[in-house]
Amino acid sequence: MLGLLMVATGGWGVLALTYSGPHSDMVRSSLAAAFAVVSLAALIALGFPRWRWLALAAYFVLFAVLVVWWRGIEPSNKRDWQTDVAVLPYATIEGDVVTMHNIRNFDYRSETDYTPAYYDKRFDLRKLEGIDLVAVYWMGPAIAHIFVSFAFAGGDHLAVSIETRKEKGEDYSTIKGFFRQYELYYVVADERDVIRLRTNYRHNPPEDVYVYRLQGPIENGRRVFLDYVKKINALRNHPEFYNTLTTNCTTNIWFHSRVNPEHLPFSWKILVSGYVPEHIYEAGRLGTGMPFTELQRRAHINARAQAADSAADFSRRIRMEPEMTTPATPPASR
């Protein structure tokens, strides 16, 4: 058991130093290699009773120092951010009216070529009509990016996508996401931005987008919306780290849903995010009037989004009933 514990903590320590150590690649690699050597030496010492406890004591003192250093790494809102995540959204509340500031609505020419644009808009919680779940697939049925869009009377929609806040020149890595490399960022956007980007402009790889209307009391939706607003405002003053496993696009949606007593229990399908729509369907929260495969076919909006493009009524057009002659291939068969 001690050996397994040392392998686990030693592996974590090496990766933590590799990804989160000093800015110098040489220093970071040297520290990681040194910790690996010390961990291996302590592990070998377990087989020698004379040295066992001394080696264990020395190893865990060193590991404690590493943990103290790790806990001292703090998130920040002051970095050289990529343009698409440079501006933080926030909200002001006056009774039932929420004014959302810095709603992103970029004018895209390609995925990386765009004109930044933002606007402010007032939303009356009494006019909230529903919440849509948006599932984006690009690498098979098991992995999806999940976000929500709040629907208000009059055709207004506000999408909120939970993502990593990357610095200029920084790429996303699943492994790096475990090691405090990215701040947590809530993209508050017009659907012509956050959905159209994925259906019309991302081609390498292409992404398939599905929009599902969630079922449940509208009071629950209002509580979830306000919980999102609370988090968005909190991140403006107290940044947090994104974590690939515990603080990501899907787990945070589940945490927000916990403001309602009828929230779904946690499931492994929340971690394997591509199965989230099916999980919600099985719980009766996407309706039960048709098989999931048919619901999925109707929810696929790529063709409609590409036809709508930058139209002012983009949100309405992507929700139009699809023709029966244009079936979509479900992500499970890709």
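Structure: above.
The structure presented is a predicted model; accordingly, all values stated were derived computationally and were not measured.

Enquirer: Just give me the short version of the packing of helix α6 (residues 218–237) against helix α7 (residues 249–257), but keep the residues and values in it.
Expert: Two numbers describe how α6 lies on α7: the axes approach to 9 Å, and their chain directions differ by 120°. Classified by the angle between their axes, α6 and α7 sit oblique to one another. Seen from above, α6 lies across α7 with right-handed handedness. Taking contact as the criterion, the partners of V224, D227, Y228 and K231 in α6 are, on α7, I253, F255, H256 and S257. Classifying every residue of the contact of α6 with α7 gives 4 nonpolar, 2 polar and 2 charged.

Enquirer: Break down the side chain of N243 for me, with residues and values.
Expert: By the element assignment, N243 lies in the loop between α6 and α7. Note on N243: relative accessible area 16%, which makes it buried. Of note is the side chain of N243, whose polar atom sits 3.0 Å from the backbone nitrogen of T246. In contact with N243, other than residues within four places in its own chain, are G177, F178 and N248.

Enquirer: Run through the packing of aromatic side chains, naming residues and quoting values.
Expert: Each aromatic ring pair is characterised by the separation of its centres together with the angle its planes make. One pass over the full model with this rule turns up 27 aromatic pairs. Ring centres of Y186 and Y228 lie 5.9 Å apart, and the angle between their planes is 70°; this geometry places the pair in the edge-to-face category. Remark: Y228 occurs in helix α6 and Y186 occurs in strand β9 (residues 183–189); sequence separation between them is 42 residues. Comparing Y186 with Y228, the two get one shared label, buried. Taking the ring centre of F106 as reference, the NZ or CZ of R104 above it sits at 5.2 Å. Against the face of Y90 rests R236, its NZ or CZ located 3.8 Å from the ring centre.

Enquirer: Outline the nonpolar core, supporting the account with residue identities and numerical values.
Expert: M100, F150, Y186, Y212, F225 and Y228 are the most contacted members of the largest nonpolar core, which has 42 residues in total. Top element by residues in this core is α6. It accounts for 6 residues. The residues touching Y228, leaving out its near neighbours within four places in the chain, are V148, F150, V160, I162, Y186, I253 and H256. Y185, V187, A189 and F314 belong to the second largest nonpolar core, which has 19 residues in total.

Enquirer: Explain the environment of K230 residue by residue, including any values.
Expert: Considering the arrangement of structural elements, one finds K230 in helix α6. For the pair formed by K230 and G21, sequence separation is 209 residues and the distance between their alpha carbons is 32 Å.

Enquirer: I'd love a proper account of the packing of helix α1 (residues 2–20) against helix α2 (residues 25–45), names of residues and values included.
Expert: Axis separation between α1 and α2 bottoms out at 8 Å; the angle between their running directions is 175°. Judged by the inter-axis angle, α1 sits roughly antiparallel to α2. On the side of α1, the interface is formed by G3, M6, V7, T9, G10, G13, V14, L17, T18, Y19 and S20, while α2 contributes R28, L31, A32, F35, A36, S39, A42 and L43. Here the contact of α1 with α2 is composed, by residue class, of 11 nonpolar, 7 polar and 1 charged.

Calculation notes
Residues numbered from 1 in each chain as written. Predicted model: local features only at pLDDT ≥ 70, side-chain atom pairs only at ≥ 80, totals over all residues. Heavy atoms only, no water. Axes fitted to C-alpha atoms, helices over the stretch in contact; angles between N-to-C directions. Helix = DSSP H or I, 4+ residues; strand = E, 2+ residues; numbered from the N terminus. Parallel < 35°, antiparallel > 145°, perpendicular 65-115°, else oblique. Left-handed = near helix turned anticlockwise from the far one by under 90°. Contact = heavy atoms within 4.5 Å. Nonpolar A, V, L, I, M, F, W, Y, C, P; charged D, E, K, R; others polar. Buried < 20%, exposed > 50% of the residue type's maximum accessible area, 1.4 Å probe, protein only. Polar contact = N/O pair within 3.5 Å; in protein donor to acceptor, adjacent residues only side chain to side chain. Phe/Tyr/Trp six-rings, centres within 6.5 Å; stacked < 30°, edge-to-face > 60°. Lys NZ or Arg CZ within 6 Å of the ring centre and 35° of its normal. Core = buried A, V, L, I, M, F, W, Y, C linked by side-chain atoms within 4.5 Å.

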